[in-house]
Structure formats: C-alpha cells, structure tokens
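Inside the fold
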Amino acid sequence: MCLSDPSPFPFLSLPIELQVRILSLLPVSDLLPLLSVSHGIRSLIQSPTFPSPPPDLFFLLLSSIDPPYPKLLSYHPASRRWFSLPIPSHSPLYHSCPYATSSSLAITLSSPAGPDYEHEYVPPEASLAAVRMFSSLPSREIPPMIPLRYCYVYAVIPDGDVSLSGPSDHFRILGHSYFNHGIFSQVYDSRLGRWSLTGKIPCQTGVCKNTALVNGSLYVLAFPPYQLLKFDLTSYTWEIILPMPEMIMSTSIFSHDQNIYLVMGFEEPDGIITAIRVHILDWGENRESREWKEISVLSGMEEAFVGFTDGACWLYGFETVAQNGLVCLHSPYTSRVLLFDVRDRSWVLLPRCSLEPEYTMWYGHTTEMGQEVLRPVGA
C-alpha cells in the first residue's frame, strides 16, 4: 500500500480502531511525514486519544530564525533522515535558543524583549523558563540567577521524566558566575524554588557547555588550563580529576554507559586541525591512576574527514552534540555534519540536508520526542 497514492486510500477504509492500532506501532519519525498525506490520517495522529508513541531521539543541529516561522533542522539517526521541525509560537524557544537541555526538558529565557538567539550568558535579572520542547504544556517560570557578574547556565538535570505538569516534577539547573576574581557555581533546585551559591570552581576563565553526567556527579571541562572537573550533586563540591591532553581544539565531553569520553581536534602548530581523536577516561586501579586512552582517530586523509572539510583536509574548529553514544560534529565553515558512534567506533559523513535554508545557526541540542511534536504548531 502506498499512502502517497492520489487515489482514495484503502487504509482509510479500514475501521478506525484498526487504523489507530496500525499507526500506533510507528515511531515518531515515521508519523511525521504522514501528517501531510491526508486530512484523515493527520486527524487520527493529532487526536488527543491517539496512543503516545515511544520517545524518539532527534539531533537538533541547526536553526533557521527567518521570521515569521523559525524552524529546526534535525537529524534522526535511527532512520538516517533529516527533518524540518517548526517551533511552536507559544513556546519561549520561539524567541531564544535554550541554554541547556536534557531529554525534552529545556532551559531558556522566559520572555526576551525580542528574538535572542546569540546570548551565551544570561542577561542580568532575566527570568528563565523550563519548557518541554514542542509540547503544548505551559512553561514553568524560574527566578533570576543570583546577580553576580556574567551568569551562565550549562546543565539541567531532571529527576526522572519531568513533564512540568505536576508538583512532583523536579529538576536542578547548574550555572556559574564571576565574582571578586573568582568563578562560583550556582544551583537552582525546583523543590526549593531558589538559586544557591555552591562554591568556587577551580578554574581561571570558565566552563565549557558540554557536560557528562555519571554516577550522581556532573563532569565539565574548565579552562585555562584545560582540565576535567567533577561536581558532586549531593555535596555540591568541586574536584579536579585530571588535565587535558596538549595541542587540542574544539574539545567536548560526553557520557555513555557510565563512561566519560573526550572528542578533540588535534591542533598543528599553525593552528589548524588535521585529525579528530576520541578518548575514554580510564580510572585505573582503585580509581587513582586516571588517564585518557585513545580509542579512535579520524585522520585528515580519510574519506570522512575529507568530506567533512569539503576537500581541504584540515579545519579550524567544529561543534558537537552527543546522546546515546552518538556524537554529531558540525563544521561551521562547510556546514557538513559528521557522525561518530562510540559503540562500534565508526565515522559516517551525513548527506547534505536538502531542507537547509539560506541562513542557519548552530543549535546543538538533542531531544527525545513523543506525541508533542505531532501536535499542530501553536496548539
């Protein structure tokens, strides 16, 4: 049966209960294209009684902020397809990019005065919002951070599946700010409804946005010097774990199966990257002899690297986002995307996105979406 056949669909002649049963077996990535097939199928999928499909992982890689309809260019690794996802106009994400995400929970500005897609720091006295991406549920207001100099948010940690619809939905937000020649961490606990200062971070300049959550602790990269830090989510204390390898650029970390991985560009003396390396943190015996062990290298002469650089065989930097053992690397100079799978240590150059508009920006988040993305925009 071909659902795109212009003749009347045999599928729609089936009993409604059977149609629903068949469609409910499909993942979100297969249901999205069906929304444009026929009004009857779209009405079934968007019905409040339609069974919610299991969460489906999407990499939200690029954003098109051309008004009046901003969209996200997203890659679905399970089907190896690109999707263009409209941002609901009622969502705070319509006006600003999120500072941090976890699953489908996002932290962003509550109500910016105008479109704000480029601020990395939180404006002074600005309220934040916790929102379910692509959901029609209202966002939850978050008070401004403690007013120190240059406040940043770099992680949100939910306690289970946060729907924002009930009093039992809890989460924590981690950030930092500058004060009196030091960098201090701040934590927002939704149970308490307030921010707390939680200690001085042992670094000089700042903390990278990529984080790794392992065994109740959050791991972050700090600089300079480049080093891996651990933040205990119970005691709210910081610990230096180990320094980073030398000659690196575009560094990021991620976690998978309770392991911490490092993705880095190997820098030549003239400042260009000629290889991409992936390391795993080896804790050693008794977790004392810690060191980075290399598990994969993509050299400048390999086909995937050449395609990633559009034949240049070198680059100046890249951006990353990771989830479930998959890492997407984006080159801002060529707009190409590279996928690394830590499970089989493979590198794949993704096909160019035919949906890509003329003006795009790096978005760099992931989400596990269910039925909310199938709802009408603005519903």
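Model, not experiment: these values are computed from the prediction. (Residues numbered from 1 in each chain as written. Predicted model: local features only at pLDDT ≥ 70, side-chain atom pairs only at ≥ 80, totals over all residues. Heavy atoms only, no water.)

**Section: the confidence of the model for the protein**
What counts is decided by this rule: For every residue, the predictor assigns a confidence score, pLDDT, that lies between 0 and 100. We call two residues in contact whenever any of their non-hydrogen atoms come within 4.5 Å of each other.
In the predicted model, the protein carries a mean pLDDT of 84, and the fraction of residues at 70 or more is 88%. In this model, residues 1–7 is a region of pLDDT below 50 whose contacts with residues beyond four sequence positions or in other chains number six contacts.

**Topic: the sheet that holds strand β8 (residues 149–158)**
The condition is simple: Two strands make a pair as long as DSSP finds a minimum of two bridges between them. Only DSSP runs of H or I covering at least 4 residues are called helices, and only runs of E covering at least 2 are called strands; the numbering of each starts at the N terminus. All axes here are fitted lines through C-alpha atoms, helices being fitted over the stretch that makes contact, and every angle between N-to-C directions spans 0 to 180 degrees.
A sheet is described by the order of its strands in space; here four strands give the open sequence β8-β9-β10-β11, paired in antiparallel fashion. One side of each edge strand has no neighbouring strand; the edge strands of this open sheet are β8 and β11 (194–200). Taken over all neighbouring pairs, the strand axes of this sheet differ in orientation by 25 degrees on average, direction set aside. In terms of strand pairing, strand β10 (residues 182–189) meets β11 through five bridges, oriented antiparallel.

**What about the side chain of S217?**
Under the convention used in this document: Accessible area is worked out with a 1.4 Å probe on protein chains only. A residue is then buried under 20% of its type maximum, exposed over 50%, and partly exposed in between.
Note on placement: S217 falls in strand β13 (residues 217–223). For S217, a relative accessible area of 4% puts it in the buried group. The residues touching S217, leaving out its near neighbours within four places in the chain, are A212, K230, F231, D232 and L233.

**Observations regarding the pattern of salt bridges**
Here the idea is simple: oppositely charged side chains can pair when their charged atoms come close. Going by this rule: Each salt bridge in this description consists of a side-chain nitrogen of Lys or Arg and a carboxyl oxygen of Asp or Glu lying within 4 Å of one another.
Scanning the entire structure with this criterion turns up eight salt bridges. Between R81 and D30 there is a salt bridge, and its shortest N-O distance comes to 2.9 Å. On the criterion of sequence distance, the pair formed by R81 in strand β3 (residues 81–86) and D30 in helix α2 (residues 28–34) is long-range, its members being 51 residues apart. Exposure remark for R81: the relative accessible area of 28% places this residue in the partly exposed category. Overall, D30 belongs to the partly exposed group, its relative accessible area being 30%.

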